[in-house]
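Residue strings, one per chain:
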Amino acid sequence: DGGITQSPKYLFRKEGQNVTLSCEQNLNHDAMYWYRQDPGQGLRLIYYSQIVNDFQKGDIAEGYSVSREKKESFPLTVTSAQKNPTAFYLCASKRQGPDTQYFGPGTRLTVL
Amino acid sequence: GIQVEQSPPDLILQEGANSTLRCNFSDSVNNLQWFHQNPWGQLINLFYIPSGTKQNGRLSATTVATERYSLLYISSSQTTDSGVYFCAVDHFGNEKLTFGTGTRLTIIP
């Protein structure tokens, strides 16, 4: 099956711990994106990558880090510097150029 | 940055009714997408529609880029249409999506 997978589906962490969220795609898409969604809100862009070994900050990058070592994978690390990390995190990918973004099922992170 | 406003914020309808959701944006765009977010959080692509009109079954969408708005029409609503509908735009040459705050649609049997 082609698609985007995110793991885990639910994640609980203690305050002060770093945590890494996985995003993998087998659609052969060049571009990948991470969004954050808070309850009752729209999505906000954290980081995006248009090509392997390159990525750019989105609108709310503070407290997050990413890597893009492989075309298929774009992991997101939520660091202890992120003040309000509890949220729903969505990963997306698309082909280069004006085209549709496709989303994974999301990871719900709760920091206790 | 570009602003995206959706209306109405909430809509409650009886099964079988028709509805129109609106998305206004503040600047030119080279991409506009409509999504449906189901109760489990999954975002489902409905339309990629930077301009013109498209139809897919009971759903259709129209974007008038020169007037900076898009409309999503849902006809003969079903309970499975419930959820949040998002409009998202890509400011020209940017390739980053900016999302509106959504319209929460509830269809009552």
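Here the structure is shown first, and the text comes after it.
Residues numbered from 1 in each chain as written. Chains lettered and ligands numbered in written order. Predicted model: local features only at pLDDT ≥ 70, side-chain atom pairs only at ≥ 80, totals over all residues. Heavy atoms only, no water.

A. Main features of the overall build of chain A. Scanning chain A for helices and strands turns up 0 helices and 11 strands. Scanning chain A from its N terminus toward the C terminus, one meets helices and strands in the order β-β-β-β-β-β-β-β-β-β-β. The C-alpha atoms of chain A give 13 Å as radius of gyration, which agrees with the globular expectation for 112 residues (13 Å, within 12%). The buried share of chain A, reckoned over its 112 residues, is 49%. Taking as baseline every contact in chain A between residues at least 6 positions apart, the subset at least 24 positions apart corresponds to 51%. Accessible area of chain A: about 5,600 Å², with a carbon and sulfur share of 46%. In chain A, the 13 positive side-chain charges and the 11 negative ones have mean positions that sit 5 Å from each other. (Helix = DSSP H or I, 4+ residues; strand = E, 2+ residues; numbered from the N terminus. Rg over C-alpha atoms; globule rule 2.2 N^0.38 Å. Buried < 20%, exposed > 50% of the residue type's maximum accessible area, 1.4 Å probe, protein only. Contact = heavy atoms within 4.5 Å. Areas by Shrake-Rupley, 256 points an atom, 1.4 Å probe, with all protein chains shown as cover. Lys, Arg positive; Asp, Glu negative; His and termini not counted. Charge placed at Lys NZ, Arg CZ, Asp CG, Glu CD.)

B. Quick look at the state of the cysteines. What the rule picks out here adds up to 2 disulfides over all chains. Disulfide pairing places C23 of chain A opposite C91 of chain A at an S-S distance of 1.8 Å. Between C23 of chain A and C91 of chain A, the S-S torsion sits near -70°, and that sign places the bridge as left-handed. Residue C23 of chain A is found in strand β3 (residues 19-25), and its partner C91 of chain A is found in strand β9 (residues 87-94); the two are separated by 68 residues along the sequence. The two residues C23 of chain A and C91 of chain A agree in class, both being buried. Put simply, C23 of chain B and C87 of chain B are joined by a disulfide, and their sulfur atoms are 2.0 Å apart. Taking the sign of the S-S torsion, -50° for the link of C23 of chain B and C87 of chain B, the bridge is left-handed. Placement of C23 of chain B in strand β3 (residues 19-25) and of C87 of chain B in strand β9 (residues 83-91) is noted, with a sequence separation of 64 residues between them. Each member of the pair, C23 of chain B as well as C87 of chain B, is classed as buried. (Disulfide = S-S within 2.5 Å.)

C. Just the interface of chain A and chain B, in detail. Facing 25 residues of chain A, the contacting portion of chain B comprises 18 residues. Summing the contributions of chain A and of chain B, the shared interface buries around 1,700 Å²; its carbon and sulfur component is 48%. Of all residues in chain A, L43, P98 and F103 of chain A give up the largest surface area on contact with chain B, accounting jointly for 25% of the area buried on that side. Linking chain A with chain B are 0 salt bridges. (Buried area = accessible area lost by both parts, 1.4 Å probe. Salt bridge = Lys/Arg side-chain N within 4 Å of Asp/Glu carboxyl O.)

D. Highlighting the environment of Y33 of chain A. If you trace the backbone, Y33 of chain A turns up in strand β4 (residues 31-37). Since its relative accessible area comes to 0%, Y33 of chain A is described here as buried. The contacts of Y33 of chain A, once residues within four sequence positions are left out, are L45, Y47, Y48, F74, L90, C91, A92, S93, K94 and Q101 of chain A together with E95 of chain B.

E. Highlighting the sheet that holds strand β1 (residues 4-7) of chain A. All names here are of chain A. Judged by pairing direction, the sheet is antiparallel, and its 4 strands sit side by side in the order β1-β3-β8-β7 without closing on themselves. Each edge of the open sheet carries a strand with a single partner, namely β1 and β7 (64-66). On average, each strand axis in the sheet is inclined to that of its neighbour by 20°, with strand direction left out of account. In terms of strand pairing, β1 meets β3 through 4 bridges, oriented antiparallel. For Q6, the partnering residue across the bridge sits in β3 and is C23. (Pairing = 2+ DSSP bridges. Axes fitted to C-alpha atoms, helices over the stretch in contact; angles between N-to-C directions.)

F. Geometry of the environment of P50 of chain B. Residue and element names in this part refer to chain B. On the secondary structure map, P50 appears in the loop between β5 (43-48) and β6 (52-56). Considered as a pair, P50 and A88 are 38 residues apart in the sequence and their alpha carbons are 10 Å apart. In this view, P50 contacts N30, N31, L32, T63 and A65; residues no more than four positions away in its chain are not counted.

G. The environment of V66 of chain A, seen in detail. Position of V66 of chain A relative to the elements: it lies in strand β7. Remark: the alpha-carbon pair of V66 of chain A and Q56 of chain A, spanning 10 residues in sequence, is separated by 9.4 Å.

H. Structural detail: the nonpolar core. Core analysis: the biggest nonpolar cluster contains 21 residues, and F25, L32, W34, L72, C87, V89 and L105 of chain B have the highest contact counts within it. When contributions to this core are tallied by element, the ones reaching two or more residues are β2 (10-14), β3, β4 (29-37), β7 (59-64), β8 (69-74), β9 and β11 (103-108) of chain B. In this view, V89 of chain B contacts I2, V4, F25, V29, N31, L32, K96, L97 and T98 of chain B; residues no more than four positions away in its chain are not counted. Core analysis: the second largest hydrophobic core is formed by 20 residues, I4, L11, V78 and L109 of chain A among them. (Core = buried A, V, L, I, M, F, W, Y, C linked by side-chain atoms within 4.5 Å.)

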